[in-house]
Amino acid sequence: MTDIRPWLEAGDAPAPLRDLLREAQASQPLDARIRARSRRRLLAMSALPAAAGVLFWIKNIALGAVLGSAVSVVIYAPSLRHSAVKPDVTARQPAARTTGVHRRFPVARDAGADDGGTLAATISSAAAPMRPSTAALPPAEPSQLVRETQFLEKARTLLGQDAQLALRSLDAHRREFPHGALKLERELMAVDALLKLGRRQEAQLRASQMREQAPGSIYEKRLSRLLGEGPAQEQ
Amino acid sequence: MTLDVGQLHDQYADFVWRSLQRLGVPKGNLEDALQDVFIVVQRRLGSFEPTAKMSTWLFGICLRVAAAHRRRAYHRREEQVSEYGDRPDENPLANPEQAAIRQEARRRLQLGLEALELDRRAVFVMFEIDRIPATAIAEMLDIPVGTVYSRLHRARADFNEAIARLERPLKMGGTQ
């Protein structure tokens, strides 16, 4: 087995294959300029881990936050039922949904409004237990991130199968989260989907809107490549 | 031993760059792919097992990044077409007919390579094109030499078959 030699050296390859292999170009070394640029970007990303790894970490962070909030709600739900001004409002909400927890705040505001004064509102607020409120507040944003991520994951999968469906999913994301945290990622995928559908003008329009919204974003280069605008210049 | 992503980049960027080429990442996407690999390295460095071989770990990441690029390229054929023709060491105007023949050969070569599974492709390219000895490939990928030969054997058969498939319509008088 160890006497195997490359086809071209041994000369025992079928003739058409030899002709093809002669045309092959060996892998090229990394150009110093690209190496320097790559290193610079890498270090910049190290300095800004949120920018570099946000798409990778977002699912885990969001998942952790949602689980944490679910646990908090489960733990504090009994005390909410006993001490809230209108306990039945919170008790009816599903434990894992943050909206259910936030219903507590309208309760306090309602009480204040009924009395027509800020003092009553303050008293109502003070009557509400403090601990559950701080525990329940943070999940609102992760919950949105989770949903955004789910939208985009679905769209990303669809993009490889059916660009039209992917685009619909991305448009749904745009309607639901017009200023979502992942809107640039969404727009990039939308440009990709439009190009796949041959709707180049729309893709270009959407790309230019994206560039206006976030000039110099980390998606700039990928955008240029998608649109076939030539290699990115030295940054 | 503390691993630093900057040092790893200094040490292994060339290896990653060449591996990505061997795995078929188109020239225009190489820089992005290189960046993708090191982003994953940065993210996963904590999970790297110190007893493992760094080049093997990096090659595994390259495989996944290249697979992702291949999936994307599958849906954007035009990106790959640009890979076939440009070769800096020749002037197509000097002998247009010869240049056309060579360009066609390169196109077929590319299609043949694309037919290979990625891990086989890497071994095939390293051995047949980069002329790296099997023992060195085994060392680099941290696999037994027998596995290198086995992958090479299968890759040769697949490559042969893919090229034969491309030849068939021409011999029957059709066009590609």
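Everything numeric in this text was worked out from a predicted model, so none of it was measured.

Counting its secondary structure elements, chain A contains 14 helices and zero strands. Along the chain direction, N to C, the helices and strands of chain A fall in the order α-α-α-α-α-α-α-α-α-α-α-α-α-α. Of the contacts made within chain A by residues no fewer than 6 positions apart, 59% connect residues no fewer than 24 positions apart. Summing over all exposed atoms, chain A offers an accessible surface of approximately 13,500 Å²; the carbon and sulfur share of this is 58%.

At the junction of the two partners, chain A supplies 41 residues and chain B supplies 43 residues. Scanning the region where chain A abuts chain B turns up seven salt bridges. Across the chain A-chain B interface, the total number found is 19 residue pairs in polar contact (both at pLDDT 80 or more). At the level of elements, α1 (7-10), α2 (15-22), α3 (32-47), α4 (49-83), α12 (183-196) and α14 (220-226) of chain A are the ones that each hand at least two residues to the side of chain A that touches chain B. Element by element, the count of residues in the side of chain A that touches chain B is highest for α3(A), at 10 residues. Partitioning the side of chain A that touches chain B into residue classes produces 22 nonpolar, seven polar and 12 charged.

Residues and elements named next belong to chain B. Packing of helix α5 (residues 96-114) against helix α6 (residues 118-129) leaves a shortest axis separation of 10 Å and a crossing angle of 140°. Considering their axes alone, α5 and α6 lie oblique with respect to each other. Here α5 contributes Gln110, Leu113 and Glu114 to the contact with α6, which in turn contributes Arg121, Phe124, Val125 and Ile129.

Moving on, we come to the side chain of Arg206(A). Within the secondary structure layout, Arg206(A) lies in helix α13 (residues 200-213). Look past the residues within four positions of Arg206(A) in its chain and what remains in contact with it is Leu167(A), Asp171(A), Arg174(A), Glu187(A), Ala190(A), Val191(A) and Leu194(A).

With that settled, the discussion passes to the pattern of salt bridges. Within this structure, the stated rule accounts for 23 salt bridges over all chains. The partner of Arg106(B) in a salt bridge is Glu23(A), and the shortest N-O contact between them spans 3.4 Å. Of the two residues, Arg106(B) is situated in helix α5 and Glu23(A) in the loop between α2 and α3; the pairing between them involves two chains. Like Glu23(A), Arg106(B) is buried. For the salt bridge of Arg156(A) with Glu185(A), the shortest nitrogen-to-oxygen distance reads 3.3 Å. Placement of the pair is Arg156(A) in helix α10 (residues 140-159) and Glu185(A) in helix α12, with a sequence separation of 29 residues. Overall, the relative accessible area of 37% leaves Arg156(A) in the partly exposed class. Each of Asp171(A), Arg186(A), Glu187(A) and Arg206(A) takes part in salt bridges that share partners, so that together they form one network.

Aromatic rings in a pair are described by how distant their centres are and how their planes are angled relative to each other. A full pass over the atoms with the stated rule returns three aromatic pairs over all chains. Seen from their ring centres, Trp7(A) and Phe124(B) are 6.0 Å apart, and the 80° between their planes marks the pair as edge-to-face. Taken as a pair, Trp7(A) in helix α1 and Phe124(B) in helix α6 lie in two separate chains rather than in one. There is no split in this pair, since Trp7(A) and Phe124(B) are both buried. Note on Phe48(B) and Trp57(B): the rings are 4.9 Å apart at their centroids and 55° apart in plane angle, and the pair reads as tilted.

Residue and element names in this part refer to chain B. In the predicted model, chain B carries a mean pLDDT of 83, and 81% of its residues have values of at least 70. The secondary structure element of chain B with the lowest average pLDDT is helix α4 (residues 77-85), at 44, and the one with the highest is helix α1 (residues 5-22), at 93. Residue range residues 81-85 is modelled with pLDDT below 50. Its contacts to residues more than four positions away, or to other chains, number 10 contacts. As scored by the predictor, the complex reaches a pTM of 0.50 and an ipTM of 0.76.

Excluding glycine, residues mostly have negative phi values, and the peptide bonds linking residues are mostly trans. Residue and element names in this part refer to chain B. Its identity is not glycine, yet Arg131 carries a phi of approximately 55°, on the positive side. Mapping Arg131 onto the fold places it in the loop between α6 and α7 (134-141). Unusually for a residue other than glycine, Asp142 sits at a positive phi of about 55°.

Let us look at the environment of Leu167(A). Residues and elements named next belong to chain A. Secondary-structure assignment places Leu167 in helix α11 (residues 163-176). With a relative accessible area of 3%, Leu167 lands in the buried category. Dropping the residues within four chain positions of it, Leu167 is found in contact with Ala190, Ala193, Leu194, Leu197, Arg199 and Arg206.

What counts as what
- Per-chain numbering applies: the sequence of each chain, read as written, is numbered from 1 onward.
- Chains and ligands are labelled sequentially in the order written, the chains with letters from A and the ligands with numbers from 1.
- Local features in a predicted model are, by the rule used here, given only for residues with pLDDT of at least 70; side-chain atom pairs are given and counted only at 80 or more, and totals for whole chains, interfaces and linings are based on all residues.
- Note: side-chain values were computed over all heavy atoms of the structure, leaving out hydrogens and water.
- Helix numbering and strand numbering both begin at the N terminus, where a helix is a DSSP run of H or I of at least 4 residues and a strand a DSSP run of E of at least 2.
- Two residues qualify as a contact provided that any one of their heavy atoms is within 4.5 Å of a heavy atom in the partner residue.
- For the area figures, the Shrake-Rupley method with a 1.4 Å probe applies, and any residue is considered shielded solely by the protein chains shown.
- A carboxyl oxygen of Asp or Glu within 4 Å of a side-chain nitrogen of Lys or Arg is what we treat as a salt bridge.
- Counting of polar contacts relies on pairs of N or O atoms within 3.5 Å, with two restrictions inside protein: one atom must be capable of donating a hydrogen and the other of accepting it, and residues adjacent in sequence are counted only when both atoms are side-chain atoms.
- Think of it as three bins: nonpolar holds Ala, Val, Leu, Ile, Met, Phe, Trp, Tyr, Cys and Pro, charged holds Asp, Glu, Lys and Arg, and polar takes everything else, Gly as well.
- To get an axis, fit a line to the C-alpha atoms, keeping to the stretch in contact for a helix; angles then go from 0 to 180 degrees between the N-to-C directions.
- Throughout this description, any angle smaller than 35 degrees is read as roughly parallel, any larger than 145 degrees as roughly antiparallel, any in the 65 to 115 degree range as roughly perpendicular, and the remainder as oblique.
- A simple rule labels every residue: compare its accessible area, found with a 1.4 Å probe on the protein chains alone, to the largest value its type can have, and call it buried under 20%, exposed over 50%, or partly exposed in between.
- Here a pair means two rings of Phe, Tyr or Trp (six-membered ring of Trp) with centres within 6.5 Å. Their orientation is stacked below 30 degrees between planes, edge-to-face above 60, and tilted elsewhere.
- One confidence number per residue, pLDDT, is output by the predictor and ranges from 0 to 100.

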